[in-house]
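What the coordinates show
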Amino acid sequence: MRDDYDLVLCQEIDVDHSVIVPLHFLNHMGVPVVVVNINAYVSPLPSAQRCHELGRSLGKAVEALAGDRRVAVVASGSFSQEVGGPRVDAGRAWSVPRPDWAGRIAELLTRGDIESLLAESTPGMLRDAGTVAGEVLSWITMIGAAGPAGANLSPHLDHRSGEAFAFGTWEER
C-alpha cells in the first residue's frame, strides 16, 4: 500500500492452467504459496513498467519478512499466443501469431535487457501478439521481484523458435 498499489484479496477465483500447473508442482514441495494474478486479458492491461514496479514492491516485501527464508518467485504465461481468437489455425485450439515477438522476448530476457523489454511491451504490441500475449506481464512482474538476480536469464532460458513461450530459471545463492 505504501508503494501505491491497492491489491485485492480474493478467497474464490477460477484460474486456468497458467496457475494450476505451477501450483501442482509447488504443492508437492509442501511450501506456502501466494498467488499474484496480473490482468493479462481484459483491456486496459496494466503497463509493463507498472508491472515491473509492482514486482519490485513485492520483492521489497519478501526481503522484509522476518527470519531466514528461501523464496521462489514463479511466473507463467505465453509471449505470443492466440486462444479463441480470429487468428487460431484451422483445426487447433491456439496459434502463435507473432513467433518473431516471442523470439524477441526470449532474446531480451537472455541478454538481461529489461529496459527494452519494458519499452517494447506496449499495449498495441501485446494485442498484436495474440489474445493471451499479455501473460508476459507476469514474467515482467517476476523480474521486478527478483531484483538484480532477475536481470539476466542466460543461460537458463529455454525458448524454441516458433513457440509462444519459454521456460527459464534464476538461481541466487
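Residues numbered from 1 in each chain as written. Predicted model: local features only at pLDDT ≥ 70, side-chain atom pairs only at ≥ 80, totals over all residues. Heavy atoms only, no water.

On to unusual backbone geometry, then. The step from serine 43 to proline 44 runs through a cis peptide bond, and the omega angle for that step is 0°. Within the secondary structure, proline 44 is located in the loop between helix H1 (17–27) and helix H2 (48–63). (Helix = DSSP H or I, 4+ residues; strand = E, 2+ residues; numbered from the N terminus.)

Quick look at helix H6 (residues 136–146) now. The buried fraction of H6 amounts to 10 of the 11 residues, a majority that puts the element mostly inside the structure. All of the buried residues along H6 are Val136, Leu137, Ser138, Trp139, Ile140, Thr141, Met142, Ile143, Gly144 and Ala145. Turning to H6, the residues buried within the fold contact H2, helix H3 (99–111), helix H4 (114–120), helix H5 (123–128), strand E3 (157–158) and strand E4 (167–168). Backbone geometry just downstream of H6 places glycine 147 in the positive-phi region, at approximately 65°. (Buried < 20%, exposed > 50% of the residue type's maximum accessible area, 1.4 Å probe, protein only. Contact = heavy atoms within 4.5 Å.)

Turning next to the packing of H2 against H6. At a minimum axis separation of 6 Å, H2 and H6 run at an interaxial angle of 40°. Regarding the angle of H2 to H6, the classification is oblique. H2 and H6 meet at a crossing whose hand is right-handed. Contacts between H2 and H6 involve Ala48, Cys51, His52, Leu54, Gly55, Arg56, Leu58 and Gly59 from the first element and Leu137, Ile140, Thr141, Ile143, Gly144 and Ala145 from the second. For the contact of H2 with H6, the per-class residue count stands at 8 nonpolar, 5 polar and 1 charged. (Axes fitted to C-alpha atoms, helices over the stretch in contact; angles between N-to-C directions. Parallel < 35°, antiparallel > 145°, perpendicular 65-115°, else oblique. Left-handed = near helix turned anticlockwise from the far one by under 90°. Nonpolar A, V, L, I, M, F, W, Y, C, P; charged D, E, K, R; others polar.)

Take the environment of alanine 146 next. Locating alanine 146 in the fold gives a position in helix H6. Sequence separation between alanine 146 and lysine 60 is 86 residues, and the spatial gap between their C-alpha atoms is 9.7 Å.

Take the side chain of serine 95 next. You can see serine 95 is positioned in strand E2 (residues 94–95). A residue is classified by how much of its surface remains accessible, and serine 95, at 2% relative accessible area, is buried. Only 2.5 Å separates the side chain of serine 95 from the backbone oxygen of arginine 87, close enough to count as a polar contact. (Polar contact = N/O pair within 3.5 Å; in protein donor to acceptor, adjacent residues only side chain to side chain.)

Once that is clear, we can look at the confidence of the model for the protein chain. Atom-level detail of predicted coordinates should not be read off regions where pLDDT is low. Overall, the predicted model of the protein chain reaches an average pLDDT of 85, with 94% of residues at or above 70. Taking the mean pLDDT of every element in the protein chain, the minimum, 77, falls on H1 and the maximum, 96, on H4. (pLDDT = per-residue confidence, 0-100.)

Since the α-helix advances by 3.6 residues per turn, residues separated by three or four positions end up pointing in the same direction. Buried within H1 are the following residues: Ser18, Val19, Pro22, Leu23 and Leu26. Down the axis of H1, the sector holding all buried residues measures 115°, keeping them to one side. Along H1, the residues that are exposed and aim more than 90 degrees away from the buried face are His17 and Phe25. (Arc of directions from axis to C-beta.)

Let's shift gears to the environment of aspartate 100. One can find aspartate 100 in helix H3. Judged by its relative accessible area of 49%, aspartate 100 is partly exposed.

Ranked by size, the top nonpolar core spans 28 residues in total, and within it Phe79, Ile105, Leu109, Leu117, Leu137, Trp139 and Ile140 carry the most contacts. At the level of elements, H2, H3, H4, H5 and H6 are the ones that each hand at least two residues to this core. Other than its neighbours up to four places away in sequence, leucine 117 contacts Ile105, Leu108, Leu109, Ile140 and Ile143. (Core = buried A, V, L, I, M, F, W, Y, C linked by side-chain atoms within 4.5 Å.)

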